[in-house]
Amino acid sequence: MGRVTIVSTLVIVAAVIGSIASYQVKPANYAKLVEKQKKFDEAFEKEFYVEHTKYVETGERSERLEEMFEHMRQQPDMFRMEMDNHPLPYLTVECTACRALITTYLTYRRVLGWDRDRIAAQAASTCETLNILTPANCVKIVDKNIDILLYIIDNRPSLSAQTICGIIFQSGTCVLEDPAFLNWSINVPAGGRPITGSKTSPNRDASDIKIIHITDVHYDPHYRTGYNAVCGEPCCCREGQGIPPNPADGAGEWGDYRDCDSPWKAVEDAVRAAARQHPDAAYVYHTGDIIDHGVWETTVAGNIVSMTRTLQLFRDVFGSKPVYSVLGNHENNPTNVFAPSYIDRTDFSASWLYDFSADQWATWLPAATQQTIRQGGFYTALVRPGFRIIGMNNNDAYTFNWWILYDPTYLQAQLQWVHDTLLQAEAAGEKVHILAHIPIGTGTSYRIWARQYRRILDRFWDVITAHFHGHTHADEFNVFYSLANPQHAISVGFNGGGTVPFSNYNPNYVVYYVNPQTFQVTDFESWYFNLTEANQNPNRSPIWTQLYSFSRDFQLSNTSPASLDGLVRRFASNPTDLRRYWEMKVKRGDPFLAAGCDGDCLLNHLCEIVTNEANDDSKCNALAAIFRNLDDDLFNEEK
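Residues numbered from 1 in each chain as written. Predicted model: local features only at pLDDT ≥ 70, side-chain atom pairs only at ≥ 80, totals over all residues. Heavy atoms only, no water.

Caption draft 1: View of the UniProt feature "binding site: Zn(2+) 1" (unreviewed entry) in the protein. On the UniProt side, "binding site: Zn(2+) 1" (unreviewed entry) is annotated at positions that read Asp216, His218, Asp289 and His473 here. Of the residues just listed, which span 258 residues, no C-alpha pair is farther apart than 10.4 Å, and they cluster in one region. With respect to the helices, strands and loops of the structure, Asp216 is situated in the loop between strand 1 (209–214) and helix 9 (264–277). A relative accessible area of 0% means that Asp216 is categorised as buried. Apart from the residues within four sequence positions on either side, Asp216 is in contact with Gly288, Asp289, His437, Gly470, His471, His473, Gly497, Gly498, Thr499 and Val500. Within polar-contact distance, the side chain of Asp216 engages the side chain of His218 at 3.4 Å. Topologically, His473 is positioned in the loop between strand 7 (464–469) and strand 8 (477–481). A polar atom in the side chain of His473 sits 3.2 Å from the side chain of His218. (UniProt positions renumbered as here; feature names shortened; annotations may be inferred. Helix = DSSP H or I, 4+ residues; strand = E, 2+ residues; numbered from the N terminus. Buried < 20%, exposed > 50% of the residue type's maximum accessible area, 1.4 Å probe, protein only. Contact = heavy atoms within 4.5 Å. Polar contact = N/O pair within 3.5 Å; in protein donor to acceptor, adjacent residues only side chain to side chain.)

Caption draft 2: Local environment of the side chain of Asn394. Within the secondary structure, Asn394 sits in the loop between strand 5 (387–391) and helix 13 (403–406). Among the residues examined, Asn394 registers a relative accessible area of 2% and is labelled buried. Here the side chain of Asn394 touches Ile438 through a polar contact of 2.7 Å, landing on its backbone oxygen. Beyond its immediate chain neighbours, meaning those up to four positions away, Asn394 contacts Gln414, Ala436, His437, Ile438, Ile440 and Trp449.

Caption draft 3: Focus on the sheet that holds strand 4 (residues 379–384). The mixed open sheet is built from 6 strands, whose spatial order is 4-5-6-7-9-8. Unpaired on one side and paired on the other, strand 4 and strand 8 mark the two borders of the sheet. Adjacent strand axes in the sheet meet at a mean angle of 25° when their direction is disregarded. Note: strand 7 against strand 9 (residues 489–495), 3 bridges, orientation parallel. (Pairing = 2+ DSSP bridges. Axes fitted to C-alpha atoms, helices over the stretch in contact; angles between N-to-C directions.)

Caption draft 4: How the structure looks around the sheet that holds strand 1. Strand order in this open sheet of 6 strands is 3-2-1-10-11-12, and the pairing throughout is mixed. Each of the sheet's edge strands pairs with one partner strand only, and the pair in question is strand 3 (323–325) and strand 12 (545–549). Neighbour to neighbour, the strand axes of the sheet diverge by 25° on average, direction disregarded. Inspection of the sheet shows strand 2 (residues 283–286) paired to strand 3 by 3 bridges, in the parallel sense. Across the sheet, the residue bridging to Tyr285 is Tyr324, located in strand 3. The strands that helix 9 touches are strand 1, strand 10 (508–514) and strand 11 (521–528); relative to strand 10, the one it contacts most, it runs at about 30°.

Caption draft 5: Region of the structure containing the UniProt feature "domain: Saposin B-type" (unreviewed entry) in the protein. Under the feature "domain: Saposin B-type" (unreviewed entry), the UniProt entry names residues 91–178. Summarising residues 91–178: 73% helix, 0% strand, and an end-to-end C-alpha distance of 21 Å.

Caption draft 6: Layout of the state of the cysteines. For the structure shown, the criterion picks out 7 disulfides. The disulfide bridge from Cys597 ends at Cys601, spanning 1.9 Å between sulfur atoms. Between Cys597 and Cys601, the S-S dihedral sits near -100°, and the bridge is therefore left-handed. You can see Cys235 has no disulfide; the closest cysteine sulfur is in Cys260, sitting 6.6 Å from it. (Disulfide = S-S within 2.5 Å.)

Caption draft 7: Inspection of unusual backbone geometry at higher detail. Here the amide bond leading from Asn333 into Pro334 is cis, since omega sits at 0°, within 30 degrees of zero. Take Pro334: it is sitting in the loop between strand 3 and helix 11 (351–361). Here the bond from Phe502 into Ser503 is cis, since omega is -15°, no more than 30 degrees from zero. Looking at the secondary structure, you find Ser503 in the loop between strand 9 and strand 10.

Caption draft 8: Quick peek at the packing of aromatic side chains. Tallied over the entire structure, the rule returns 40 aromatic pairs. Judged by centre distance (5.6 Å) and plane angle (80°), the rings of Phe477 and Phe550 are edge-to-face. Here Phe477, found in strand 8, pairs with Phe550, found in helix 17 (residues 550–553); they are 73 residues apart in sequence, far enough to count as distant. For the pair formed by Phe477 and Phe550, the shared burial category is buried. Judged by centre distance (5.4 Å) and plane angle (40°), the rings of Tyr509 and Trp544 are tilted. Linking Tyr509 in strand 10 with Trp544 in the loop between helix 16 (531–536) and strand 12, this pair joins segments that are 35 residues apart in sequence. (Phe/Tyr/Trp six-rings, centres within 6.5 Å; stacked < 30°, edge-to-face > 60°.)

See below:
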């Protein structure tokens, strides 16, 4: 997927990429390759500006400019992937394109004084040229985001292409060097129980509490059975994209492995199946992304309709059972963009979403949560004596949230609130579950934010008993290690996967077993159905079955941080077990199984489990040393 123009570079990529995330292991000579790439990028950046300026003056693209655009193009399947999962050669190209194009367009705006409409037209044209979206949809996605981006650029005259690209990519030659974006922190006073070893937990017991975790339903009101599932856009199977000549290219009745979201009947079936199969569950966790991937045509009114219908389904199905929700990055309009609370322009503010959520979630949450939800979409609630939930809105720290470029320090407020809430919970003798849509510490979590969160986790490792995430659509877990004592595993992030098949997955949900005294997760299991089989039998409901019971399938006593840290080390020396984990992570999606996962692929998935912030490769390197020698050919460049 090419990274194009000041708007297209930022907007198209962020909006349409899918969500399988996986770490990318770096070659042994990575530092040398980066230095070489820096020289290439600098030359490319300067030459591109010259060639593109000639083009805008004459209307003719030179042969060299066409070559440079071709260099920026990538394979179409990059649309479906979170940036973490883009192979290193693609990440390298993306960074090159980002720097060259943004430098060019910053000059057009700041030096040549291009107005809004001229920049928008040029950005849409480039989007079309690189075949990212249809011409009409290129115009729509640019129009959705350009006013925000230009506001940020105009009000931050020192903001450079290097900083913009360093925030978004956080890798390779896109290195963040601006002190304004690096030198901020929250107040975390000393205290708490010292970390002296990896955290353990009781084993599963009959008295454990059951919790259902549903995430990433991505309901698409425009989904139509039989419509084009290979439409060439980031999201298919939609009315308006037509019925394909080949029936095999048509959308399935219950969803589609290709780049398609969920029809309503599939959303409803998943929620009802979870309730039917686990009537003894005490609570439901819902970690966001109700809205579809048709990001070029989302509206506030349309998002409200989809969210209202989905949350009403939860009320109808689960009745009086508490549902604890957090917002996904797709819930706002435009997608991913969560402005600081002090930005009072109606067309920029997310207040409509926070007010809507406060009203909808009031079914399940105490009145005391209203203030912080309306302020920023986050809250805390006492579930039962000794047990508290913190629902974060960590979409503000997603590297595709443009407002980080405007004011990175606005992220301090929610993090400080999390710290202060945990301090109060500690004083009250409470244990806490953290709910957040985007997995904390992934490569698309702003690195400085992730580092500050790790400071909080080190301080309250004995208070926080588990994390619950969504976003990636993968059925996975992450082990958190102490920032001060990296040998100690202190927490686990569990991912609910997703009921949406976008892309190549089978739908699933997860059930956790939680000790009623320590509130630690002692075991978990996943339930799914095979999409191929379901679509071959369109007139009956899908057959949900257990994908795994984790402790049983991996012969573990429990799923504590200590136990899962041991499993990770076992994975490094036992590719058979690691491959079994990968099959579970991709939920045995038929396209994934057909494509397979070689040694490099398995190592990437292994490293993702232990990576707690972008560019912290220490745990990965230790595992890679066991698993195999690193491959210097990952960049596929001359040494």
